[in-house]
Structure formats: C-alpha cells, structure tokens
Amino acid sequence: MAALGKLRLDDVSMSFKTTSGAFAALAPVTLAIPQGRFVSLIGPSGCGKSTLFNIIAGLLEPSGGRVMIDGADATGTIGRVGYMLQKDLLLPWRTVLDNVILGMEIQGMPLRAARARALPLLRRYGLGGFEHLYPSALSGGMRQRAALLRTLMFDTDVILLDEPFGALDAQTKLQMQEWLLQLWSDFGKTVIFVTHDVEEAIYLSDEINVMATRPGRIVETIPVPIARPRPRSATLAPDFIAIKEHCLELLTAGHAAAVGEAA
Amino acid sequence: MTIQDTSRIGSVDRDAARAAPALSVRPARKIRRLPVQKDWPLWAIVATQLGILFAVIALWQVAADRGWIDGFFWSKPSAIYATLITFFTDGDAFIDIGFTFRSTIIGFLIGTAAGSLLGLSFWWSRNYAAIAQPFVICFESLPKLALAPLVILVFGMGLASKVAIATALTLVVSTLTTYAGVRAVDPDQERLFYSLGASRLQVFRKLIVPFCLPWIISVLRVNIGLALTGAIVGEFIASQHGLGRQILYAGQTYDIALVWVAVLVLSTLAVVMYVTVSWIESLLRKGVKQ
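Described in the following lines is the structure provided in the data block. If you're wondering where the values come from, they're calculated on a predicted model, not measured in any experiment.

What follows is about the overall build of chain B. Check the secondary structure of chain B and you find 13 helices and 0 strands. For chain B, the sequential pattern of α-helices and β-strands runs α-α-α-α-α-α-α-α-α-α-α-α-α. Compactness check: chain B gives a C-alpha radius of gyration of 31 Å against a globular reference of 19 Å for 290 residues, more than 25% above the reference. A principal-axis box enclosing the C-alpha atoms of chain B has dimensions of 105 × 70 × 40 Å. The 290 residues of chain B split such that 29% are buried.

In structure tokens form, the structure reads like this:
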C-alpha cells in the first residue's frame, strides 16, 4: 500500500474550451506521494497548481486521468482531503472555536463533541485565549493558524495547502513555517504545499515538484535530502543553496521559454 | 556618434535638469490653517431645533391671524390643536389608527418574509434565477401604486387590499436586497464548504442564510416606511377606515385642520414604528454577531 502511495495522480489532465479552441491548462500529470510526505509544488502563475488542487479536492472534474487515494479511485469526490485555500475564509459570525470545528460539524459530529475535541488543540497550538473571539479580532497570522487547524481537524490523511503564508509578513511567515512543521510531525499528515517562495519550499519539503506553463506540467521532481529537524541555519548550507539554484534555474528557463513563445 | 559624445551630451542634460528647479520662480503661497469646526453640545443643538419649531408654529399662527396667508386653506395651529382634542375625544381616532397600523404591520411582515425567502431561493438554481430575474426586475420598475385601483377591485374595500398593496411594495425590495446578498457570497467560501464534503442544504443553512442575514435586516427600516405608504394609498382609493381615509375625507370637505391632525397622527405612528423597527434591527444585528 505504502509503495503505491497515499495519493496518486494517474495522467490527470485538464483542458478548457475557449473561443480559439481547446486550452490545455494541465498536461497529463502523474505523481505518487507516499504517506506522511511533505511535498511542495512551485511554479509560475498559470502553471495549473490551483487547477491541480481543485481536481484533487474533487471540486473540478479532470478532462482525463484519475485521482487515487489509498489505492481507490477518488476522482470527482469531495470531502476526501483537507483543502486550505489562500484566503483564510473564516466565517465572521462564528467564534474561532466554531470556525475550527466546521469540518467536523459538516461531517455530522455533535457540536459539543466537536468543540471538546478542538479546544485542547487550539490551546496547544497557539490559539489559547482566542477560542471565543471572532475572527475580526485576530491578526493575519492567527487567522491563518485557525484556518490551518480547521483543515487539520477535518481529519483527512492528505491536506492541500495553497500558499497559506503568501499574504503574511516575512517575520510571521518564518514563525508559521516552524509552527506548520510542528503540526506536521505531530499529526503525520501527508501534505501538498503550493508556494511561490523557493526557500520556503526547500525548507519545509521532502520533495519539490517544479512546474511550468503552457501546458501546466511538472518539469522536474527534486528530492530535498536535508536531515530533519532542520535548523534555520540549514538555509545557508551549500546543499540547500545548490537545490535553490537548481530550482531557480528551472523556473527562469520556463519563464524564458514562455517569453520566447509569446514573442 | 561615439560613446564619449553621447556620455557628454547626457551629462550636460543632467546638469541642466539639476539646475532647473533653482532657476524656476516659485509663486508666493498663501499661508492657510486646517479649518476646524467646533461641535456644539447636545443641549444647544436640541434647544435650537425646538426654537426653530416654535418659531415656525408662532409665525404660522400670526400670519393666519393677521391675514398674511389664507387661514381657510392653510388652517392655523390653534384650530389644529382644537381639532386634535376633538379627534381623540369624540371621533373614531383609535379605530382609524388601529386600521392603518394593522394593514401596515401585516403587509410589512408578509412582504419582508416572502421577499427574503424568494431572494434566498435564487441561490438554489442558477437557471431558476436566470428565468425569474426579468420578471422580478419588471415588477420592481413597475410603479406598483398604479395597480392600487385594481387591487381594491380584487381584494375589496377592507383590510386585505391595504395589506396587499403594502406587501407588493415591500416584497420587491426584500427580494432584490436578499438576492444581492446571495450573489455577494464569496465563491471560495462555497468551495471551502464543498471541500469539507458539505451537502447543498448544509451550504445553504450554514453559509448562505447567515451570510445574507445582515442584508435581510438592512431593509427592515426601508420596508416599514414603504408598507405605511402602501396602506395609506390603499385607504386613499377606497376604504371605510384608516388615517388615509380621514385625510382624504377631510380634504374633500375642506376641513383643513383635520387634514393636519391626521397627518400629524400619521407622522407620529410612522416615527413610532420606525424607531421600534430600528430597535429590533439593532437587536438582530447583535444576535447575528453572537
């Protein structure tokens, strides 16, 4: 089972019909992610990262291919993976606690039980004292924490994070990265992480998939063989820099190709 | 041209640019301070308001007494006061007030509730919303009061026709405002719910309805005024009771003082209902936030 991968994409492709013919948003993508792995997707905008996430989350039916979770076909089914979008999407009329339990509530868990389960986690993961506040009273970092805990409390093995820290300031972003790694090692989830920040991708991931546009595709899968736990100083080590250079090379090559094609 | 040449030209240009601001003549500027308004204390504001009101009433009285204006057509405060006393002591004042009040409230409740439900229902099907939209817009742009004579024919001279007109006026406002709320729901928010495996009913109950509540509440104050207008117009056209009928009747019999009395009572009723609805609205807003 583990060898097959927790999540597998078999030739998943997506094309949209436009007035000037079919537009390939996603060339067939094949990807196998083992249980508990932290995998990043990086690439220029328009490379189909969000399309890929929507397909995995069952919010978009792919034009071709299959999404396999635990070896079973999960194409086009919702509620199988946790999905955190770029925006925190907290409901302003619910307290932080009631926002975090949303997934469990939708799955039919009684409110009292859901709250009882969420409360200790909120306290353990830095939202103690905020449980009964409304999201409007929270800072950007705290809101992202609440949104991420909501995704985790939904309790699926796979979680998709779409640029969760994109809108945060550099300082908060670093704190959130440590916090995310803590959660990941505590819960053992399989994480797929989209980011524009190459350094963030390398620091967090076991494996990086570099994507390119027209059509959206994975151009290279780069393993990150840096031992964990990783100190911050790891980002200055030669092996880290080497991976970073390689990623940037791939991204600029893709960019140059796109520009050349357009010209 | 050599590289040296171009660089020299460039440097000359730059020197000229640097010198330019110093050479330009800057016009003398007027020195101004930020204008500051001093706020009056509340008592001074209220005293001024009362003063204006008293002055207008006094001027009206004097003008009618001295014959500056025609006392027959304009009536005068002293006559209005006397009529007010008789209106409440030996008229059917409370029957009329009750009649207008009831048709307003019933029309307001039916129109607001049905309009909100209709607006929310558009979320369920885009096709249904697209089909219904031109009809709703037609009904909105239609001057509904123009239909009032027809409504009286269909619903009769009693309470039902006034309720119907009040409902027609409030229903559209609630429908369109609630539908605006439905369309303002962030599609990503819906996607989040579906990614959590939600059913359509769950999205409706846990996202659409609470999201639209502030929209629904925001029209309450507008609607109470519209409902009152509808009820009064209904009474103007054909009725046996109500403040609207009183006004019409008094006007037709040249009892101008009675017109003013009925208008005064009507305004008081309107203010009372408006304040009550505002109060309910603020309670609901607090409730929604909890």
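All names here are of chain A. Direction of pairing for strand 1 (residues 7-18) relative to strand 4 (residues 64-69): antiparallel, over a ladder of 5 bridges. Residue pairing across strands places aspartate 10 opposite arginine 66, the latter belonging to strand 4. Where strand 4 and strand 5 (residues 72-73) come together, 2 bridges link them in antiparallel fashion. Bridge pairing in strand 5 links isoleucine 69 to alanine 72.

All names here are of chain A. With respect to the helices, strands and loops of the structure, lysine 49 is situated in helix 1 (residues 49-56). Judged by C-beta crowding, with 23 C-beta atoms within 10 Å, lysine 49 ranks as buried. For the pair lysine 49 and alanine 25, spaced 24 residues apart in sequence, the C-alpha to C-alpha distance is 9.7 Å. In contact with lysine 49, other than residues within four places in its own chain, are Leu41, Gly43, Val194 and Met211.

Residues and elements named next belong to chain A. Where burial is concerned, most of strand 7 (residues 158-162) is hidden: 5 out of the 5 residues are buried. Of the two faces of strand 7, the one lined by Val158, Leu160 and Asp162 and the one lined by Ile159 and Leu161 are each fully buried. One ladder, built from 3 bridges, connects strand 6 (residues 82-84) with strand 7; its direction is parallel. For methionine 84, the partnering residue across the bridge sits in strand 7 and is leucine 161.

Okay, the packing of helix 7 (residues 148-155) of chain B against helix 8 (residues 159-184) of chain B next. When two helices pack together, their arrangement is given by the angle between the helix axes and the distance between those axes. Residue and element names in this part refer to chain B. Where helix 7 meets helix 8, the axes come as close as 8 Å, and the angle between the chain directions of the two elements is 140°. By the criterion of interaxial angle, the relationship of helix 7 to helix 8 is oblique. Between helix 7 and helix 8 the crossing geometry is right-handed. In this structure, helix 7 contributes Ala148, Val151, Ile152 and Phe155 to the contact, and helix 8 contributes Ala160, Ser161, Ala164 and Ile165. Along the lines of polarity and charge, the residues of the contact of helix 7 with helix 8 split into 7 nonpolar, 1 polar and no charged.

This part is about helix 8 of chain B. The end-to-end C-alpha distance of helix 8 of chain B is 37 Å, a good match for the 38 Å that 26 residues give at a rise of 1.5 Å each. Most of helix 8 of chain B is tucked away: 19 of the 26 residues are buried.

Now for the nonpolar core. The biggest cluster of nonpolar side chains holds 87 residues, and the ones touching the most others in it are Ile42(A), Ile56(A), Met84(A), Ile159(A), Leu160(A), Phe193(A) and Cys247(A). Top element by residues in this core is helix 10 (residues 200-218) of chain B. It accounts for 7 residues. With near-sequence residues (within four places) excluded, Leu160(A) lies in contact with Phe53(A), Ile56(A), Ala57(A), Val81(A), Gly82(A), Tyr83(A), Met84(A) and Ile192(A). Residues Ala166(B), Ile247(B), Leu258(B) and Trp260(B) belong to the second largest nonpolar core, which totals 33 residues.

Between chain A and chain B, the residue contacts involve 14 residues of the former and 13 residues of the latter. Ranked by residue count, the leading element in the side of chain A that touches chain B is helix 3 (residues 102-106) of chain A, at 3 residues. Residues of the side of chain A that touches chain B, tallied by class, amount to 10 nonpolar, 3 polar and 1 charged.

This part is about the sheet that holds strand 1 of chain A. All names here are of chain A. Within the open sheet, the 4 strands sit side by side as 2-1-4-5. Their pairing is antiparallel. Single-partner strands in this sheet number two, and they are strand 2 (21-33) and strand 5. Along the sheet, helix 1 contacts strand 1, strand 2 and strand 4; its crossing angle with strand 2, the most-contacted strand, is approximately 65°.

Residues and elements named next belong to chain A. The omega torsion across arginine 228 and proline 229 is -5°, close enough to zero to call that bond cis. Following the sequence through the fold, proline 229 ends up in the loop between strand 10 (217-223) and helix 8 (238-262). A positive phi angle, near 60°, is found at aspartate 155, a position not held by glycine. Among the structural elements, aspartate 155 can be located in the loop between helix 5 (140-153) and strand 7. Using a count of 15 C-beta atoms within 10 Å as the deciding quantity, one classes aspartate 155 as partly exposed.

Cut-offs applied
- Residues numbered from 1 in each chain as written.
- Chains lettered and ligands numbered in written order.
- Predicted model: local features only at pLDDT ≥ 70, side-chain atom pairs only at ≥ 80, totals over all residues.
- Helix = DSSP H or I, 4+ residues; strand = E, 2+ residues; numbered from the N terminus.
- Rg over C-alpha atoms; globule rule 2.2 N^0.38 Å.
- Buried ≥ 20, exposed ≤ 12 C-beta atoms within 10 Å, placed from the backbone.
- Pairing = 2+ DSSP bridges.
- Contact = placed C-beta atoms within 7 Å.
- Axes fitted to C-alpha atoms, helices over the stretch in contact; angles between N-to-C directions.
- Parallel < 35°, antiparallel > 145°, perpendicular 65-115°, else oblique.
- Left-handed = near helix turned anticlockwise from the far one by under 90°.
- Nonpolar A, V, L, I, M, F, W, Y, C, P; charged D, E, K, R; others polar.
- Expected span 1.5 Å × (residues − 1).
- Core = buried A, V, L, I, M, F, W, Y, C linked by C-beta atoms within 7 Å.

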